[in-house]
Amino acid sequence: MAVKLILLFQLPLLLLLIRHGTSNFIEEATIDEIHMAFKENNLTSRRLVEFYLERIQTLNPQLRAVLELNPQALSQADQADKMRQAMGGSSSGLQGIPILIKGNIATAARMNTTADGMNTTAGSLAMVGSVVPRDAGVVERLRRAGAVILGKASLSEWAQFRSVTAPSGWCAISGQGKNPFVLSADPCGSSSGSAIAVAANLVMVSLGTETDGSILCPSSANSLVGIKPTLGLTSRSGVIPISPRQDTVGPICRTVSDAVHVLDAIVGFDSRDAEATRNAEEFIPPGGYRNFLKSNGLEGKRLGILKNFFDFSNETVRNKTFEEHFGTLRQRGAILVDNLEIRNETTIMNPSASGEITALLAEFKLYLNVYLSELVRSPVRSLADIIAFNKNHSAQEKIDEFGQEIFLASELTNGFGEAEKLAVENMERLSKDGIEKLMKEKNLDAIITPEARASPVFAIGGYPGISVPAGYGKDGVPFGICFGGLKGSEPKLIEIAYAFEQATRIRTQPTFKP
C-alpha cells in the first residue's frame, strides 16, 4: 500500500499508565464533567487523550472499533491545553474534547502542526492511499470548535452498501467489529465502529453517518444516544456518498447532553454542500440546541405510538420494558396517542416497493464517481475501478464470501433516468401522505418507535430521529427507543429525549459477554 495505516491491533506500546483514580473518573464522564475537571486543574486534554489511546490499544484488538489513530492527536491536545490556559482555564463545547469520526468522513493532511495524515477509506483496501483535497465540512467545524480528532472509527465497509450478506461492522481494513455488551451480537448499522468505541469508553463522543438507519441502529444496539439530524442540517461535503438525498452526519454519544454538544458544533450552512444546507440556519435555534436540555421536556408533548413497530411476538422483556416506559412518559406529562399507523406503512418499509433502492443504486454510482474524481490522489477513480480492485483482491475483501452485488447493480445503472425520478416522486408522496399527514392530523410533537425499526420512514423523507437507551434483552443485548419528527423538529426531540433519559437512566457499562 502507498500509505501505511496506523492499525490499532499492531500499535506498539507507547503510553504511560494512567493512575487508577483518574481512569475510573474518565470512564463514562460527560463533556460537562470533563470541562469541570479542566477548570479545576484535575485533568488536561493531553492526559485525556493519553487515557483513550491506552484504552484503544488494550481493547481495540478485540473490538475492532478504530481503523486508525491520528498521529497528531497529542499535539492537538497540547494546543487545546495552551488555549485553555490563555483563556484563564475556562473551556466549553468541544474545546479539548477527543472525538472519533467515521472512516468515510474526510480529514486532510495539512502543512502545519495539525497535519493528520490519516486515510479516508470507508473501510475498503481500494481507498488506502487516496488523498482528499480538504477536510469534510463537519471536520472543519469540529476543528473550529477546538475538538481533538482522535482517529477514524471503523464501519461496515462502504457504509454497508457493497453487499447484502456482509455482516454489520465488518470491513476489510479492520475486520469484524464487536458489540461490547455481547461480543457475538450484531453491532448494527454502518456506523458500528463509532458506536462500539463510545460504548466501550475508547472515546467520549463520535460522529456517524446515516443513509437509512446507520446512526439510529448502532446507537440502539450499543446502549447509546444517536441523533440522526434533519437532512441538510449538517454538511456532507467530504463524506464518501451514497445519496445526497438521504445522507446525513450526526453524533453518537453516551448521553443526550453530549450528543447535543456535538450537534451544536457541526450544524450549519456549507458552501460546498449548498443545495442541501441552504436552509440549515432556519432550523438552528438562537443560542443552539443546549437550551432544550430540559428535565421537564415531556410536559404537554403529544407522542404517537406506531403500533405495528411494537410487535415483539414472545419477547416479554421488550414488551414489558416499553410498557413501563410508556407509563413513565405519561407520568412526566406526555400525552400518548396509541395505536397509530402510517398510511402505506408496508410500502415505505420495503425499499423495493417505495423506490428507495432504485434511487440509491443510481445515486451511489453518480456521486461516488464525482467524489473519486475530486481526490488529489487515488488508486481508484470510479466504481468500476473499485469493482475490479475487489476482484483482484478477493481474498482480502472476502468477495467469495460476501460478494459485491450492490456494487454490480449500481454499476449497471445509467444516470438518473425516468425510473429513478418516479422513485423519488413516489417517496416524496409516501412521506407527505404518511408521517407528515399523520403528525399534522393528530397534532403530534413526535412519534415513538423501538430501536431503529422506522428508519426508512425518516430516511426517505429526510426527517430527524433520536435514539436513547431503553433496556437490555434477556441475552444482555441493548435496545433503544427512538423519537422522530418532522424536518427541523430537533428542539422538541431533544426536550423529549433528554427528559426521558433523565427519568429512566437506563445506560450501564458494557459487560463484554461472549
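Our structure is the block above this text.
Residues numbered from 1 in each chain as written. Predicted model: local features only at pLDDT ≥ 70, side-chain atom pairs only at ≥ 80, totals over all residues. Heavy atoms only, no water.

### Remarks on the overall build of the protein chain
Then, in step 1: Summing up its helical and strand segments, the protein chain has 22 helices and 13 strands in all.
Then, in step 2: What you see for the protein chain is a C-alpha radius of gyration of 22 Å, in line with the 24 Å of a compact globule of 514 residues.
Then, in step 3: C-alpha extents for the protein chain along the principal axes are approximately 55 × 55 × 45 Å.
Then, in step 4: Counting every position in the protein chain, which comprises 514 residues, the buried fraction comes to 63%.
Then, in step 5: Within the protein chain, counting contacts between residues at least 6 apart in sequence, those at least 24 apart form 78% of the total. (Helix = DSSP H or I, 4+ residues; strand = E, 2+ residues; numbered from the N terminus. Rg over C-alpha atoms; globule rule 2.2 N^0.38 Å. Buried < 20%, exposed > 50% of the residue type's maximum accessible area, 1.4 Å probe, protein only. Contact = heavy atoms within 4.5 Å.)

### Brief notes about the packing of helix 9 (residues 256–266) against helix 22 (residues 490–504)
Then, in step 1: The geometry of helix 9 relative to helix 22 is characterised by a closest axis approach of 10 Å and an angle of 150° between their N-to-C directions. Judged by the inter-axis angle, helix 9 sits roughly antiparallel to helix 22. Along the contact surface, helix 9 presents Val256, Val260 and Leu263, while helix 22 presents Ile494, Ala497, Tyr498 and Glu501.
Then, in step 2: A class-by-class count of the residues in the contact of helix 9 with helix 22 yields six nonpolar, no polar and one charged. (Axes fitted to C-alpha atoms, helices over the stretch in contact; angles between N-to-C directions. Parallel < 35°, antiparallel > 145°, perpendicular 65-115°, else oblique. Nonpolar A, V, L, I, M, F, W, Y, C, P; charged D, E, K, R; others polar.)

### Structural notes on the pattern of salt bridges
Then, in step 1: For the structure on display, the rule yields 20 salt bridges.
Then, in step 2: Linking Glu28 and Arg507 is a salt bridge whose minimum nitrogen-to-oxygen distance equals 2.8 Å. Placement of the pair is Glu28 in the loop between helix 1 (20–26) and helix 2 (31–39) and Arg507 in the segment after helix 22, with a sequence separation of 479 residues.
Then, in step 3: Residue Glu28 is classed as partly exposed on the basis of its relative accessible area of 25%.
Then, in step 4: Arg507 gets classed as buried once you look at its relative accessible area, which sits at 17%.
Then, in step 5: Note that Arg143 is salt-bridged to Asp135, the shortest N-O span being 2.6 Å.
Then, in step 6: Accessibility expressed as a relative area gives 17% for Arg143, which makes it buried.
Then, in step 7: Judged by its relative accessible area of 3%, Asp135 falls in the buried class.
Then, in step 8: In this structure, a network of salt bridges that share partners links the residues Glu315, Arg318, Glu451 and Arg453. (Salt bridge = Lys/Arg side-chain N within 4 Å of Asp/Glu carboxyl O.)

### Remarks on the pairing of strand 6 (residues 205–210)
Then, in step 1: Where burial is concerned, most of strand 6 is hidden: six out of the six residues are buried.
Then, in step 2: Bridge count for strand 2 (residues 98–102) against strand 6 is three bridges, and the pairing is parallel. Residue pairing for strand 6: Ile99 is matched across the bridge by Val205.
Then, in step 3: By the bridge criterion, six bridges tie strand 6 to strand 8 (residues 248–253) in an arrangement that is antiparallel. Opposite Glu210, over in strand 8, you have Thr248 as the bridge partner. (Pairing = 2+ DSSP bridges.)

### Focus on the environment of Leu224
Then, in step 1: Along the chain, Leu224 falls in the loop between helix 8 (216–221) and strand 7 (225–228).
Then, in step 2: According to the relative accessible area criterion, Leu224 is buried, its value standing at 0%.
Then, in step 3: If sequence neighbours within four positions are ignored, Leu224 has contacts with Ala195, Val198, Ala199, Ser219, Ile252, Cys253, Arg254, Ser467, Val468, Pro469 and Arg507.

### Considerations on the sheet that holds strand 7
Then, in step 1: Pairing is mixed in the open sheet, where eleven strands are placed in the order 1-3-2-6-8-7-12-13-11-9-10. Where the open sheet ends on each side, the last strands, each with one partner, are strand 1 (66–69) and strand 10 (335–340). Neighbour-to-neighbour, the strand axes of the sheet open up by a mean angle of 25°, direction not taken into account.
Then, in step 2: Note: strand 11 (residues 446–450) against strand 13 (residues 478–484), four bridges, orientation antiparallel. Bridge assignment links Ile448 to a residue of strand 13, and that residue is Phe483.
Then, in step 3: Sheet strands in contact with helix 20 (residues 418–441) are strand 9 (302–306), strand 10, strand 11 and strand 13, and its direction is about 125° off that of strand 11.
Then, in step 4: Of the strands in this sheet, strand 7, strand 9, strand 11, strand 12 (465–472) and strand 13 are in contact with helix 22, which crosses strand 12 at around 15°.

### Some points on the nonpolar core
Then, in step 1: Core analysis: the largest hydrophobic core is formed by 131 residues, its most contacted members being Leu207 and Ile448.
Then, in step 2: Among residues more than four places away in sequence, those in contact with Ile448 are Leu303, Gly304, Ile305, Leu306, Phe310, Phe326, Leu329, Leu336, Ile481, Cys482 and Phe483.
Then, in step 3: Judged by nonpolar contacts, the second largest core, of 26 residues, contains Leu306, Leu340, Ala359 and Leu430. (Core = buried A, V, L, I, M, F, W, Y, C linked by side-chain atoms within 4.5 Å.)

### Here's the deal with the packing of aromatic side chains
Then, in step 1: This structure, assessed with the given rule, holds twelve aromatic pairs.
Then, in step 2: Ring centres of Phe483 and Phe500 lie 5.7 Å apart, and the angle between their planes is 65°; this geometry places the pair in the edge-to-face category. Of this pair, Phe483 sits in strand 13 while Phe500 sits in helix 22; the two residues are 17 residues apart in sequence, bridging distant segments of the chain. Each member of the pair, Phe483 together with Phe500, is buried.
Then, in step 3: Here the aromatic cluster, defined as three or more aromatic residues joined through ring pairs, consists of Phe310, Phe312, Phe322, Phe326 and Phe479.
Then, in step 4: The ring of Phe38 carries the charged tip of Arg84 above its face, separated from the ring centre by 4.1 Å. (Phe/Tyr/Trp six-rings, centres within 6.5 Å; stacked < 30°, edge-to-face > 60°. Lys NZ or Arg CZ within 6 Å of the ring centre and 35° of its normal.)

### Quick word on unusual backbone geometry
Then, in step 1: The phi angle at Asn41 is positive, at roughly 60°, despite the residue not being glycine.
Then, in step 2: As for its position among the elements, Asn41 is in the loop between helix 2 and helix 3 (45–63).
Then, in step 3: Phi is positive for Asn201, close to 60°, though the residue is something other than glycine.
Then, in step 4: Position of Asn201 among the secondary structure elements: in the loop between helix 7 (192–199) and strand 6.

### Focus: the pairing of strand 12
Then, in step 1: A large share of strand 12 lies buried, amounting to seven of its eight residues.
Then, in step 2: Pairing of strand 7 with strand 12, which is carried by three bridges, proceeds in the antiparallel orientation. Bridge pairing in strand 12 links Lys228 to Gly465.
Then, in step 3: Direction of pairing for strand 12 relative to strand 13: antiparallel, over a ladder of seven bridges. The residue bridging Ile466 from the neighbouring strand is Phe483, located in strand 13.
Then, in step 4: Hairpin connection from strand 12 to strand 13: five residues lie between these consecutive antiparallel strands, with Gly476 at a positive phi of about 90°.

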